[in-house]
Amino acid sequence: MTNSAQSHPSASQLTVMSGVEFGTSAEGFPVARLNDTAYAMLTSRNGTHHLAAAWLVRRPLHELARGDFYGFHGALADEPAFRAKMAEKAEHILEKNALGRREIHSRAHTPWGPSQGATVFAEGIVCHSTAGHGGFHLADDRNARVDGRLRNANSWYEEDVEWAIVAITFPELFTSFERRCADQTVKDSWPDEFETIAGTVLEPGQSHEKDRRAFQSRHAGDWIVISAIRSDHHDGFVEVVATLGSTRDHAAEERRFLVPSAEYTVGPFGFVIDPARHDVYDGPSSFIGWGR
């Protein structure tokens, strides 16, 4: 498996190697250009920063304004993080161009519908795109190389998560960035298999799925919010519906609680009710169809 902690070329090195250009916009925020795409570090109303992009904008960087950029391409901590992200993108483009992937016309049948085009990564390793989804198809001899714990018998690997199985099996066909993403995706989605294959134990914070299991185990007997809405009847409160262990089942008992809005910050696996602080609520509801 590829180690996800790999060194990156510096931003200054990549400026020379790939033509990435850094600057400051007309409105004073950091911008960069990489090939045909301009990027910006924009500040949200709450003071956080995120990456935005603008395609085929030819004007000089110092003339660009916020209105030129759109989309949310990930959170950024600060300007050094912005420059590091640009370095990562430049590294990815350089390596991807060197891999020599081929775009081909295809009408092959896939589990997601007819292929509308495909990318050949290597003989027997083809990534198909369809109207709604896509993924990799591996020839039989290629699929035989996938570890049996992760192998799909039908040789198809969807593009959202399972692509990572292909990437860790054939790392030489993917860029450093893709390998890092694939490594983390397998950790997040198949932690048991990853630990067995890699001969390691994932620590807390290294696997989303393993952390989710630990959370569920710790809070199996706690009330966890499954739905929430700002209360129209109690200013400054959020009305929530919770079940034990966040069970989502028609037969599961549900209870309503009022939680102060300032406290209601949902973590990655849900908000846990504290019975000592959050009272069971049986009054008028802001939920449509809740009865009263």
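Residues numbered from 1 in each chain as written. Predicted model: local features only at pLDDT ≥ 70, side-chain atom pairs only at ≥ 80, totals over all residues. Heavy atoms only, no water.

Visitor: So what exactly am I meant to see when it comes to the packing of aromatic side chains here?
Guide: Summed over the entire model, instances satisfying the criterion amount to 11 aromatic pairs. The interplanar angle of 90° and the centroid separation of 5.6 Å between the aromatic rings of Trp 112 and Trp 156 together place this pair among those described as edge-to-face. Residue Trp 112 is found in the loop between β7 (109-110) and β8 (113-114), and its partner Trp 156 is found in strand β12 (residues 156-158); the two are separated by 44 residues along the sequence. Pairing Trp 223 with Phe 257 gives two aromatic rings, centres 6.3 Å apart and planes at 55°, and the pair type is tilted. Within this pair, whereas Trp 223 is found in strand β13 (residues 223-230), its partner Phe 257 is found in strand β15 (residues 255-260), the two being separated by 34 residues in sequence. The buried category is assigned to Phe 257, whose relative accessible area is 3%. Pairwise contacts between aromatic rings join Phe 121, Phe 136, Trp 163 and Phe 174 into one cluster. Positioned above the aromatic ring of Phe 22 is the side chain of Arg 83, whose terminal nitrogen or guanidinium carbon lies 4.2 Å from the ring centre. Its guanidinium or amino end placed over the ring of Phe 174, Arg 101 lies 5.6 Å from that ring's centre, counting from NZ or CZ. (Phe/Tyr/Trp six-rings, centres within 6.5 Å; stacked < 30°, edge-to-face > 60°. Helix = DSSP H or I, 4+ residues; strand = E, 2+ residues; numbered from the N terminus. Buried < 20%, exposed > 50% of the residue type's maximum accessible area, 1.4 Å probe, protein only. Lys NZ or Arg CZ within 6 Å of the ring centre and 35° of its normal.)

Visitor: Got a minute to help me understand the sheet that holds strand β3 (residues 37-43) in this structure?
Guide: In any sheet, the strands associate via hydrogen bonds between backbone groups, in a parallel or an antiparallel arrangement. One open sheet accounts for five strands, arranged β1-β2-β3-β4-β5; its pairing is antiparallel. Pairing within the sheet leaves two strands with one partner each, and these edge strands are β1 (21-24) and β5 (75-76). Pairing geometry for strand β4 (residues 49-55) and β5, over two bridges, is antiparallel. Bridge assignment links His 50 to a residue of β5, and that residue is Ala 75. Its contacts with the sheet put helix α2 (residues 79-99) on β1, β2 (30-34), β3, β4 and β5, and the angle it makes with β2 is roughly 5°. (Pairing = 2+ DSSP bridges. Contact = heavy atoms within 4.5 Å. Axes fitted to C-alpha atoms, helices over the stretch in contact; angles between N-to-C directions.)

Visitor: Is there a simple way to explain helix α6 (residues 191-198) in this structure?
Guide: Count 3.6 residues to each turn of an α-helix, and residues three or four apart come out pointing the same way. Along α6, the positions that sit buried rather than exposed are Pro 191, Phe 194 and Glu 195. Relative to the axis of α6, the buried residues are bounded by an arc of 95° and lie together on one face. Next to the buried residues of α6 lie α5 (176-189) and α7 (208-218). Positive phi appears at Gly 199, one or two residues downstream of α6, with a value of about 65°. (Arc of directions from axis to C-beta.)

Visitor: Is there a simple way to think about the pattern of salt bridges in this case?
Guide: Note on pairing: side chains with opposite charge can pair once their charged atoms come close. The full count for this structure, using the stated rule, is 19 salt bridges. A salt bridge links Arg 180 to Glu 88; the nearest nitrogen and oxygen atoms lie 3.5 Å apart. Of the two residues, Arg 180 is situated in helix α5 and Glu 88 in helix α2; the sequence distance between them amounts to 92 residues. For the pair formed by Arg 180 and Glu 88, the shared burial category is buried. One salt bridge connects Glu 91 with Arg 180, and the closest N-O pair in it is separated by 3.1 Å. Remark: Arg 180 occurs in helix α5 and Glu 91 occurs in helix α2; sequence separation between them is 89 residues. The pair formed by Glu 91 and Arg 180 is uniform in burial state, with each residue classed as buried. Salt bridges linked by common partners bring Lys 85, Glu 88, Glu 91 and Arg 180 together as one network. (Salt bridge = Lys/Arg side-chain N within 4 Å of Asp/Glu carboxyl O.)

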